There are 2 protein chains.
Amino acid sequence: MFLSRSTNTLDAKGRISVPADFRAVVSDDMFEGIIVWPSFDGPYLEGGGISLMRDYQGFLENMDPYDDVRNAFERAIFTESKRLAFDANGRVSLPKALAEYANLDGQATFIGLGRRFEIWNPVDYEVQSVAARKMARENRHQLRLRGQPTRPDQAESRGG
Amino acid sequence: MFLSRSTNTLDAKGRISVPADFRAVVSDDMFEGIIVWPSFDGPYLEGGGISLMRDYQGFLENMDPYDDVRNAFERAIFTESKRLAFDANGRVSLPKALAEYANLDGQATFIGLGRRFEIWNPVDYEVQSVAARKMARENRHQLRLRGQPTRPDQAESRGG
DNA sequence: GGGGATAGCATGGGGAAACATGGGATACAA
DNA sequence: TTGTATCCCATGTTTCCCCATGCTATCCCC
């Protein structure tokens, strides 16, 4: 699961180190690398492992094959996605078009969002981050986990 | 389940022992360590095992994927979380940014809260603690357990 | 019940591996 | 040939892995 945030350097050759945490997340996938596409919700990139693509594929295949929305999703996600393989040091080469789409220049911020991640211009993201924390705080009462409060057959009963 | 309170040393390298009780709680998780993030409700840290994150993930995935509140929670929790693995002695390295956020210096107090825990500056927590006990006392009549009275054949007898 | 042995816990420090990054060499395409 | 993409190597920094130590709670034997 993708967690945490970190800002890395996008060098003159268009290379950027994928945070080690993120590499660990996709290390079980067949493909040693990440999939990245321009978000259709703003000037940033979205990404994940190849298994995320399979999840999207599974979801879309349950829709009507000629449904316009399905078509739109397929074009917006699959068609625009790039498969970026890690080099020996855990970097990827980010195509210019993607870097330009997200206004990346010199630095880029990877943010973990569980199943996927996003890549932002660090300054742009800082604005998002502040707004998000404010909104999260204002709506914190909605954040209620349900289900079994405790599962007595699990860890907590272990003597230690 | 995370219970009790204990204060441990945050050493010069940024390491701190996670209380043994807490380690036992997460010992059934795949990931041998804890997840910690800055609370969006005050200058302290929140944490739990990887399974807590999965619970949050399950909760959030039931919301509209591009809902602003969902987005805010994802950014406030997942993005700000760090995955801290235990070393051989049960310690974690607490990133500087997190320690600074919670005003931690030399000592930190872990407080168990059932499914989650918090990490506080010991002095700050003392203030909270007094206020919390007062409020608990004033509202003690609301503390009503429902359901089965007691099941002596379960967790509490499994000590070991 | 007392006293010693033992295992787990919290903490300190040194060294090795991993990480992020830069630069050069090589291969391929325009 | 020039531009571009990929691979390989070098390097400073950070992290984390391993060892050592004192303390405490527990157990066991007497």
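**Side note on the sheet that holds strand 3 (residues 33-38) of chain A**
Strand pairing in a sheet relies on backbone hydrogen bonds, with the paired strands running either antiparallel or parallel.
Residues and elements named next belong to chain A.
Next up, step 1: Across the sheet, 6 strands lie side by side as 1-7-8-4-3-5; this open sheet has antiparallel pairing. With partners counted over all chains shown, the strands left at the sheet margins are strand 1 (5-9) and strand 5 (82-85), one partner each. Taken over all neighbouring pairs, the strand axes of this sheet differ in orientation by 30 degrees on average, direction set aside.
Next up, step 2: The pairing of strand 3 with strand 5 spans 4 bridges and is classified as antiparallel. Pairing of Val 36 across the sheet is with Lys 82, part of strand 5.
Next up, step 3: Along the sheet face, helix 5 (residues 122-138) touches strand 1, strand 7 (107-113) and strand 8 (116-120) and points at about 35 degrees away from the line of strand 7.

**Looking at helix 2 (residues 50-61) of chain A**
Residue and element names in this part refer to chain A.
Next up, step 1: The end-to-end C-alpha distance of helix 2, which contains 12 residues, comes to 16 Å, matching closely the 16 Å that a straight helix rising 1.5 Å per residue would cover.
Next up, step 2: Those residues of helix 2 that sit buried are Ile 50, Leu 52, Met 53 and Leu 60. Projection of helix 2 onto a plane perpendicular to its axis shows the buried side chains occupying an angular sector of 150 degrees, all on one side.
Next up, step 3: Where helix 2 is buried, its residues meet strand 3, strand 4 (45-48), helix 3 (68-79), strand 5 and strand 8.

**Focus on the protein's contact with DNA strand C**
Next up, step 1: As a matter of local geometry, DNA strand C sits amid 24 residues, with Lys13(A), Thr9(B), Lys13(B), Arg15(B) and Asn89(B) nearest to it.
Next up, step 2: Sugar and phosphate atoms form 42% of the subset of DNA strand C atoms that lie within 4 Å of the protein.
Next up, step 3: Take Arg23(A): an N or O atom from its side chain is 3.0 Å from a phosphate oxygen of DNA strand C.
Next up, step 4: At a separation of 2.6 Å, a base oxygen of DNA strand C approaches a polar side-chain atom of Asn89(B).
Next up, step 5: Secondary-structure elements contributing two or more residues to the surface near DNA strand C are strand 1, strand 2 (15-17) and helix 1 (20-26) of chain A together with strand 1 (5-9), strand 2 (15-17) and helix 1 (20-26) of chain B.
Next up, step 6: When grouped by side-chain class, the residues that make up the surface near DNA strand C number 6 nonpolar, 8 polar and 10 charged.

**Points about the pairing of strand 3 of chain A**
Next up, step 1: With 6 of 6 residues buried, strand 3 of chain A is to be regarded as a mostly interior element.
Next up, step 2: The hairpin formed by strand 3 of chain A and strand 4 of chain A contains 6 residues between the paired strands.

**Here we look at the side chain of Ser4(A)**
Next up, step 1: Locating Ser4(A) in the fold gives a position in the segment before strand 1.
Next up, step 2: On the accessibility criterion, Ser4(A) (5% relative accessible area) is buried.
Next up, step 3: Excluding anything up to four places from it in sequence, Ser4(A) contacts Asp21(A), Phe22(A), Phe110(A), Ile111(A), Gly112(A), Phe78(B), Thr79(B), Ser81(B) and Lys82(B).

**Some points on the environment of Met1(B)**
Next up, step 1: Looking at the element boundaries, Met1(B) is found in the segment before strand 1.
Next up, step 2: Expressed as a C-alpha distance, the spacing of Met1(B) and Ser39(B), which sit 38 residues apart in the sequence, is 20 Å.

**A short note on the pairing of strand 7 of chain A**
All names here are of chain A.
Next up, step 1: Summarising burial for strand 7: 6 of the 7 residues are buried, a large majority.
Next up, step 2: The pairing of strand 7 with strand 8 spans 5 bridges and is classified as antiparallel. When the sheet's bridge partners are listed, Ile 111 is paired in strand 8 with Glu 118.
Next up, step 3: Here strand 7 folds back onto strand 8 in antiparallel fashion, the turn holding 2 residues, of which Gly 114 has a positive phi close to 90 degrees.

**Re the packing of helix 2 of chain A against helix 3 of chain A**
Residues and elements named next belong to chain A.
Next up, step 1: At a minimum axis separation of 10 Å, helix 2 and helix 3 run at an interaxial angle of 165 degrees. One element, helix 2, and the other, helix 3, form an angle in the roughly antiparallel class. The way helix 2 lies across helix 3 gives a crossing that is left-handed. Between helix 2 and helix 3, the contacting residues are Met 53, Tyr 56, Gln 57, Leu 60 and Glu 61 on the first element and Arg 70, Phe 73, Glu 74, Ile 77 and Phe 78 on the second.
Next up, step 2: Split by residue class, the contact of helix 2 with helix 3 holds 6 nonpolar, 1 polar and 3 charged.

**Some details on the nonpolar core**
Residue and element names in this part refer to chain B.
Next up, step 1: Counting residues in hydrophobic clusters, the biggest one holds 22 residues, and the most contacted among them are Ile 34, Leu 45, Leu 94, Leu 104 and Ile 119.
Next up, step 2: Top contributing element to this core by residue count: helix 1, with 3 residues.
Next up, step 3: With sequence-adjacent residues up to four places away left out, Ile 119 is seen in contact with Val 36, Tyr 44, Leu 45, Ala 102, Leu 104, Ala 108, Thr 109 and Phe 110.

Calculation rules
Residues numbered from 1 in each chain as written. Chains lettered and ligands numbered in written order. Predicted model: local features only at pLDDT ≥ 70, side-chain atom pairs only at ≥ 80, totals over all residues. Heavy atoms only, no water. Pairing = 2+ DSSP bridges. Helix = DSSP H or I, 4+ residues; strand = E, 2+ residues; numbered from the N terminus. Axes fitted to C-alpha atoms, helices over the stretch in contact; angles between N-to-C directions. Contact = heavy atoms within 4.5 Å. Expected span 1.5 Å × (residues − 1). Buried < 20%, exposed > 50% of the residue type's maximum accessible area, 1.4 Å probe, protein only. Arc of directions from axis to C-beta. Near = heavy atom within 4 Å. Polar contact = N/O pair within 3.5 Å; in protein donor to acceptor, adjacent residues only side chain to side chain. Nonpolar A, V, L, I, M, F, W, Y, C, P; charged D, E, K, R; others polar. Parallel < 35°, antiparallel > 145°, perpendicular 65-115°, else oblique. Left-handed = near helix turned anticlockwise from the far one by under 90°. Core = buried A, V, L, I, M, F, W, Y, C linked by side-chain atoms within 4.5 Å.

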